[in-house]
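Listed below are the residues making up each chain.
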Amino acid sequence: MNDVFWQKITVSAKSSLPFILTLITIFLSALPLRMPDFIHVSPALGLIPIYHWAIYRSNLLPFYSIFLLGLLQDLLIGTPLGFYTLIFLTMYGMSLAQRRFFAGKAFHVYWFGFSVAALAIIILGWVLASIWAETFLNFDANLVQYAVLVGVFPMIASLLLRLQQKFLQ
Amino acid sequence: MEFRRSSILRVALPLKSLVSRFLYLSLFIAAFGIMLLGKIESQRIEKITAELADIFVPLMSVISQPIDTIHSTIQSGRDLMSIREQNYMLLQENLRLKQWQQVARKLEIENLALQKLLNIVKEKKGKFISARVVTGAGGPLASSFLLNAGIVDGVHKGNIVLGDAGVVGRISQVAKGSSRVTLLTDFNSRIPVLIEKDRIRAIMVGSNSAKTQLVHFDQSSKFSIGERIVTSGHGGVFPPGLLVGMIDSVDVNKVRVKLSNNLSRLEYVSILSLEGPNFKSLATEQKVLNRLVNNE
């Protein structure tokens, strides 16, 4: 009885791991790092775990959880409600469509896949925000943000891979 | 048995993928709908957003604490290293400031006397509320911070937020225990400013990047790099004379401004809460207008 109970708890804890890790990444990405000239280029780190889990464990991070995570991102950083929800859902959908190709490939292929997807996402975000603002927004900062995002990808993704190998095998 | 199972799967699998596709599409449409609603019913959505964000402020407040501790430790280490030079610089500055104090006292007395002579109307005085910046990062598409002070602390929508070196932005959303300050760099931000020395009027607009831009100024006016820019007080929203930034570069018709505050480094800000409301609400204005029209 006791064993079954604990087993159930462990299974549910393990299956909620992708969601919790994505949640933590989003909270961390909204932290004020107090680094000079950082606020206009700080990346939406949530895109990395979303890409990762869409490829490796999409069953543990369903659509509606992506929706909620997007709303959370909007609330924290102050984008119009629904903006990052759309961005995250697009990222998830795109990665899900390509998951057969990228799953289990060498790390640099996996990284390249992210950099292509993220570029599309950054451009989409800029277009969406420009439509919202009814003016052409500055694009340069988006490029810097993109470079930062792709730059920190290996760090976060390798951590996620390691955690996945340890807990979700 | 096996045959039956596979026939169920044959129906169930495509159905499942259809349902999941439908779910994806409907969530996509829902997100789009929320965005559209925010554009149409902006006031109501803003209120909901503020209330929801309020839930996460205590958490963000706690988890952002270690970063501030690390920063202050590094800073105190640096201070300790350069303590001799700093001391020397401060002594020099102190001397200069003492001279300034003399001048300022003289000017203050003169100013008071002149104000009395002209029977000038006194400016409204406000109180300062200090608040901590609990979320900072927004990327290029969002220029706002969440602060851990809200309605209960006396913060109102539209209040002005000051950093350690001048204006930071205005309160755009306020909930019970938190508020959101829209920064001067936000593309929605437009404030009337003056070039302090030449008294040239202009409007400063944000562009979601580190520097802001001046527009609507007299085309014949000349700007030089490094001139101080202050709020002009036109329109009655910002009190006059608050430091905003300095002219950073002048191209043909493009004057860029470097803000006096380093927005990325702000830990604490002061919210200037004015005594009475600055404006009559739109509704009262509308009533007055209606009355005027009806009387005619």
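Residues numbered from 1 in each chain as written. Chains lettered and ligands numbered in written order. Predicted model: local features only at pLDDT ≥ 70, side-chain atom pairs only at ≥ 80, totals over all residues. Heavy atoms only, no water.

1. As for a nonpolar patch on the surface
Residue and element names in this part refer to chain A.
Here's step 1: On the surface, Leu-119, Ile-123, Val-127 and Ile-131 cluster together into a nonpolar patch covering about 320 Å² of accessible area.
Here's step 2: Structurally, the position occupied by Ile-131 is in helix H7 (residues 107–133).
Here's step 3: Residue classification places Ile-131 among the exposed residues on the basis of a relative accessible area of 57%. (Patch = residues over 30% accessible without salt bridge, like charges linked within 9 Å, V, L, I, M, F, W, Y side chains within 5 Å. Areas by Shrake-Rupley, 256 points an atom, 1.4 Å probe, with all protein chains shown as cover. Salt bridge = Lys/Arg side-chain N within 4 Å of Asp/Glu carboxyl O. Helix = DSSP H or I, 4+ residues; strand = E, 2+ residues; numbered from the N terminus. Buried < 20%, exposed > 50% of the residue type's maximum accessible area, 1.4 Å probe, protein only.)

2. Looking at the domain arrangement of chain B
Here's step 1: When the domains of chain B are assigned, the result is domain 1 (68–118) and domain 2 (127–274).
Here's step 2: The distance between the C-alpha centroids of domain 1 of chain B and domain 2 of chain B comes to 23 Å. (Domains from an automatic or database assignment.)

3. A word on the pairing of strand E10 (residues 243–251) of chain B
Residue and element names in this part refer to chain B.
Here's step 1: Where strand E9 (residues 228–231) and E10 come together, three bridges link them in antiparallel fashion. Looking across to E10, one finds that Ile-229 is bridged to Gly-245.
Here's step 2: Pairing geometry for E10 and strand E11 (residues 254–259), over six bridges, is antiparallel. Of the residues in E11, the one forming a bridge with Met-246 is Lys-258.
Here's step 3: Hairpin geometry of E10 and E11 is characterised by an intervening segment of two residues between the two adjacent antiparallel strands and by a positive phi of about 60° at Asn-253. (Pairing = 2+ DSSP bridges.)

4. A few points about the side chain of Ser172(B)
Residues and elements named next belong to chain B.
Here's step 1: By the secondary structure assignment, Ser-172 is in strand E4 (residues 166–174).
Here's step 2: Polar side-chain contacts of Ser-172 include one of 2.7 Å to the side chain of Thr-182.
Here's step 3: Those residues in contact with Ser-172 that lie beyond four places of it in its chain are Glu-46, Lys-157, Arg-180 and Thr-182. (Polar contact = N/O pair within 3.5 Å; in protein donor to acceptor, adjacent residues only side chain to side chain. Contact = heavy atoms within 4.5 Å.)

5. Describing the interface of chain A and chain B
Here's step 1: Counting residues at the interface gives 45 residues for chain A, matched by 53 residues for chain B.
Here's step 2: Buried area between chain A and chain B, both sides added, is near 4,400 Å², and the carbon and sulfur share of it is 71%.
Here's step 3: The three residues of chain A that bury the most area against chain B are Arg34(A), Ile39(A) and His40(A), which together make up 20% of that side's buried surface.
Here's step 4: The interface formed by chain A and chain B holds one salt bridge in total.
Here's step 5: A salt bridge links Lys39(B) to Glu134(A), with the nearest nitrogen and oxygen atoms 3.4 Å apart.
Here's step 6: Where chain A meets chain B, there are seven residue pairs in polar contact (both at pLDDT 80 or more).
Here's step 7: Breaking the side of chain A that touches chain B down by element, the ones donating at least two residues are helix H2 (17–29), helix H4 (63–77), helix H5 (83–97), H7 and helix H8 (140–167) of chain A. (Buried area = accessible area lost by both parts, 1.4 Å probe.)

6. Some details on helix H3 (residues 47–56) of chain A
Residue and element names in this part refer to chain A.
Here's step 1: When you tally the buried positions in H3, you get nine out of ten residues, the bulk of the element.
Here's step 2: Along H3, the residues that are buried comprise Leu-47, Ile-48, Pro-49, Ile-50, Tyr-51, His-52, Trp-53, Ala-54 and Ile-55.
Here's step 3: In this structure, the buried side of H3 is in contact with H2, H4, H5, helix H6 (99–102), H7 and H8.

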